[in-house]
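# Commentary on secondary and tertiary structure
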Amino acid sequence: MDVRGYVESNAREFIDDLKQWLTIPSISADPARHGDVRHSAAWLAGHLRSAGFPVAEVWDPPGGGLPAVFAEWPAADPAAPVVLVYGHHDVQPVEPLEEWHSPPFEPAERDGRLLGRGASDDKGQVLFHSLGVRASIAARGGLGGSSPRASTASGATAPPVSLKLIVEGEEESGSEHFAALLRRERDRLACDVIVITDTTMWAADVPSMCTGMRGLLPVEVTLTGPVRDLHSGSFGGGVPNPLHAMASLLAGLHDEAGRVTLPRFYDRVLPLSDEERDLLARLPFDEKHWLAEAGESGAAHGEQGFSTLERIWARPTAEVNGMWGGHTGPGSKTIIPRAAHAKISFRLVADQDPADVAAAFREYVAARTPDGLTAAVSIQPAVRPCHSPITSPAVLAGRRAMQRAFGREVLFTKEGGSGPEADLAEILAAPLVFVAVGLDADQIHAPNESVDLSLLLRGAEASAYLWDELAAADLR
Ligand SMILES: [Zn+2]
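Values in this document were obtained by computation on a predicted structure and should not be read as measured data.

Rules behind the numbers
Residues numbered from 1 in each chain as written. Predicted model: local features only at pLDDT ≥ 70, side-chain atom pairs only at ≥ 80, totals over all residues. Heavy atoms only, no water. Donors = N, O, S within 2.8 Å, 3.2 Å for Na, K, Ca; no water. Tetrahedral: all angles 85-135°; square planar, octahedral: opposite > 155°, others 65-115°. Helix = DSSP H or I, 4+ residues; strand = E, 2+ residues; numbered from the N terminus. Buried < 20%, exposed > 50% of the residue type's maximum accessible area, 1.4 Å probe, protein only. 1 Å grid on protein atoms, 1.4 Å probe; cavity = no way out; pocket = protein on both sides within 12 Å on 5 of 7 lines; lining within 4 Å. Points joined across faces, edges and corners; volume = space filled by probe spheres on them. Nonpolar A, V, L, I, M, F, W, Y, C, P; charged D, E, K, R; others polar. Axes fitted to C-alpha atoms, helices over the stretch in contact; angles between N-to-C directions. Parallel < 35°, antiparallel > 145°, perpendicular 65-115°, else oblique. Left-handed = near helix turned anticlockwise from the far one by under 90°. Contact = heavy atoms within 4.5 Å. Phe/Tyr/Trp six-rings, centres within 6.5 Å; stacked < 30°, edge-to-face > 60°. Lys NZ or Arg CZ within 6 Å of the ring centre and 35° of its normal. Salt bridge = Lys/Arg side-chain N within 4 Å of Asp/Glu carboxyl O. Pairing = 2+ DSSP bridges. Expected span 1.5 Å × (residues − 1). Arc of directions from axis to C-beta. pLDDT = per-residue confidence, 0-100. Polar contact = N/O pair within 3.5 Å; in protein donor to acceptor, adjacent residues only side chain to side chain.

## Topic: the coordination of the zinc ion
The protein atoms that coordinate the zinc ion are His88 (NE2), Asp121 (OD), Asp198 (OD) and Asp198 (OD), at distances spanning 1.8 to 2.7 Å. Viewed at the metal, the 4 donor atoms of the zinc ion are separated by angles of 52 to 148°, and the geometry they form is irregular. In the primary structure, the donors to the zinc ion are separated according to the pattern H-x32-D-x76-D. Here Asp121, found in the loop between strand 5 (113–115) and helix 4 (123–139), pairs with Asp198, found in the loop between strand 7 (193–196) and strand 8 (208–213); they are 77 residues apart in sequence, far enough to count as distant. By relative accessible area, which is 5% here, Asp121 ends up buried.

## Brief notes about empty space enclosed by the protein
Inspection of the entire model under this criterion finds 2 cavities of 30 Å³ or more. Lining the largest cavity we find Thr211, Leu272, Glu276, Leu279, Leu280, Ile390, Phe412, Thr413 and Lys414. Here the residues of the lining of the largest cavity are counted per class, giving 5 nonpolar, 2 polar and 2 charged. Estimates place the volume of the second largest cavity at around 30 Å³. Lining the second largest cavity, in full, are Pro61, Leu66, Ala68, Glu168, Gly169, Glu170, His177, Phe178 and Leu181.

## Quick look at the packing of helix 4 against helix 15 (residues 453–472)
Two packed helices can be described by the angle between their axes and the distance between those axes. Direction vectors running N to C along helix 4 and helix 15 enclose 50°, while the axes themselves pass 7 Å from each other. One finds that helix 4 runs oblique with respect to helix 15. Both helix 4 and helix 15 take part in a crossing whose hand is right-handed. Of helix 15, the residues touching helix 4 (which contributes Gly124, Gln125, Phe128, His129, Leu131, Gly132, Val133, Ala135 and Ser136) are Leu456, Leu457, Gly459, Ala460, Ser463, Ala464, Trp467 and Asp468. Of the residues assigned to the contact of helix 4 with helix 15, the class counts are 9 nonpolar, 7 polar and 1 charged.

## Some remarks on the environment of Pro74
Relative to the assigned elements, Pro74 resides in the loop between strand 2 (68–73) and strand 3 (82–88). Accessibility expressed as a relative area gives 38% for Pro74, which makes it partly exposed. Residues Pro74 and Pro159, 85 residues apart in the sequence, show an inter-C-alpha distance of 7.2 Å. Ignoring anything within four residues of it in the chain, the contact list for Pro74 reads Pro54, Ala158, Pro159 and Ser162.

## Concerning the packing of aromatic side chains
For the structure shown, the criterion picks out 10 aromatic pairs. Centroid distance Phe346 to Phe361: 5.7 Å. Interplanar angle 65°. Geometry classified as edge-to-face. Of this pair, Phe346 sits in strand 13 (residues 339–348) while Phe361 sits in helix 12 (residues 354–367), placing them 15 residues apart in sequence. Looking at Phe346, the relative accessible area reads 0%, which means it is buried. By way of ring pairs, the aromatic residues Phe265, Tyr266, Phe346, Phe361 and Tyr364 are connected into one cluster. Here the basic side chain of Arg259 rests over the ring of Tyr266, its NZ or CZ set 4.1 Å away from the ring centre.

## Side note on the pattern of salt bridges
By the definition in use, this model includes 24 salt bridges. Its salt-bridge partner being Glu303, residue Arg315 comes within 2.8 Å of it at the nearest N-O pair. Note that Arg315 is positioned in the loop between helix 11 (308–314) and strand 11 (317–325) and Glu303 in the loop between helix 10 (287–293) and helix 11, a separation of 12 residues in sequence. With a relative accessible area of 9%, Arg315 lands in the buried category. For Glu303, a relative accessible area of 6% gives the class buried.

## Some words on the layout of surface pockets
Counted as a void, the second largest pocket has a volume near 570 Å³. Lining the second largest pocket are 27 residues, and of these His301, Gly302, Glu303, Thr317 and Glu319 sit closest to its centre. Counting only elements with at least two residues in the lining of the second largest pocket, the list comes to helix 10, helix 11, strand 11 and strand 13. Grouping the constituent residues of the lining of the second largest pocket by class yields 11 nonpolar, 9 polar and 7 charged.

## Remarks on the sheet that holds strand 5
Spatially, 4-5-18 is the arrangement adopted by the 3 strands of the open sheet, whose pairing is antiparallel. The sheet is open, and its two edges are formed by strand 4 (108–110) and strand 18 (450–452), each paired on a single side. Between one strand axis and the next, the sheet turns by 25° as a mean value, whatever way the strands run. For strand 4 and strand 5, the ladder comprises 3 bridges, and the chain directions are antiparallel. Residue pairing for strand 5: Arg110 is matched across the bridge by Arg113. Each of strand 4, strand 5 and strand 18 is contacted by helix 15, which is oriented at about 65° to strand 18, the strand it contacts most.

## Observations regarding helix 2 (residues 11–22)
The end-to-end C-alpha distance of helix 2, which contains 12 residues, comes to 16 Å, matching closely the 16 Å that a straight helix rising 1.5 Å per residue would cover. Within helix 2 the residues assigned to the buried category are Ala11, Phe14, Ile15, Asp17, Leu18, Trp21 and Leu22. Each buried residue of helix 2 sits inside an arc of 160° when the element is viewed along its axis, so together they form one side. Buried-residue contacts for helix 2 involve helix 1 (3–9), helix 3 (34–51), strand 4, strand 5, helix 4 and helix 15.

## Points about the confidence of the model for the protein chain
When pLDDT is averaged along the protein chain, the result is 95, and 97% of the positions lie at 70 or above. In the model, residues 145–155 has pLDDT below 50 throughout and makes 23 contacts with residues more than four positions away in sequence or in other chains.

## Some details on helix 12
A rise of 1.5 Å per residue sets the reference length of helix 12, with its 14 residues, at 20 Å; its end C-alpha atoms lie 20 Å apart and thus fit the reference within 8%. Among all positions of helix 12, only Pro354, Val357, Ala358, Ala360, Phe361, Tyr364 and Val365 are buried. The buried residues of helix 12 occupy an angular sector of 165° when projected down its axis, which confines them to one face. Those residues of helix 12 that are exposed and aimed more than 90 degrees away from the buried face are Ala366 and Ala367. Close packing links the buried residues of helix 12 with strand 9 (215–224), helix 8 (242–251), strand 13 and strand 14 (374–379). At the N-terminal boundary of helix 12, the capping side chain belongs to Asp353, with an oxygen 2.8 Å from the backbone nitrogen of Ala355.

Next comes the structure, spelled out in structure tokens:
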């Protein structure tokens, strides 16, 4: 039986299994649901064992975090590449409940879609790998029966790569303990490539792969002058005004061309290659539609020399998120305020390091603080950017697998994201490849999350082809 035939003949069982998993309300952000997160982990480990994974364990992270699931199915050939799949089994909260067309944890099939919290993000996408690996083995003549339950009984062979899964339980609440778990289990998680299945495609008829995510560095700055607000008639013109200095500091963050002016800011920014720019330009991007989605924004705006998609995906930015100080109540109050405040966030791209940008921001503020004022900068927790080059053997293998499943050219996107991808790549020292079939239309994190079931089955096919393609690729 070929891969598609196997996936189709096991589709009903796959969907029923997924529906069962989706009834478990594994909301990591809600302490009252932490028992359900544990139940969800146990369910997945049991499912993977019955699917044929010789190893499937529930791992408690260090420091009391919620459990992740680890599973492993070694290749027959000990020299085969080792592939680690990352996903998560926790889900977002479901409020407001009254906006759901059916209860979020009673999954419902409608018009080829499955409605329920976690259907797309990320349980549906994690589970397609379990079908994908069985399809891969079946297509190579390995599974005795058409039912996955028969696989172990029939002494099924192994996948063409050594397959590992790490399915996190805290992604939707910030992956607080995940980096520590990766460090503790570095040896068992050792791999040649990491497959991330927690992103989206451009559209159902425009299959694509994510190739990177921007990082984030939030900062706050306060400029302080006199010890109290001063009468502007008595003192105005004679001492520095913290709000004037803040306005100038913030206005100076960008030059005329829309570039960020921090020292060394672009030194480590990876430029887009001509091929990447060409592929991005081929995505069917409708700027009017995008502006409408962008809160009815009146015009596109940003760094000169780059398209809108390049600006939001491949270029770093500085955004003022809030600024305040002095008198903002009704009527006038003629003062020189004692302090001015602002919150700023930087979106970072590979290979920028948040620590470098934080240091550059401190330098920038120090250089722009007039005599007589003092500046205090606080740096908030950062997320590092991640990047998977479109010419890497792993991405090329992923693209071939996606193209075989979808029967058409696969393009590339990037995402805003703030998941643990950079930690995975750095701690495990392996390249990333993003294979996922979610869509913006899935309404993840919102009421009425749903998934296109035919795309999940395509995902299972892509997964099956991926193991062959990665086995044949030169990853080391
Ligand atoms: Zn997710």
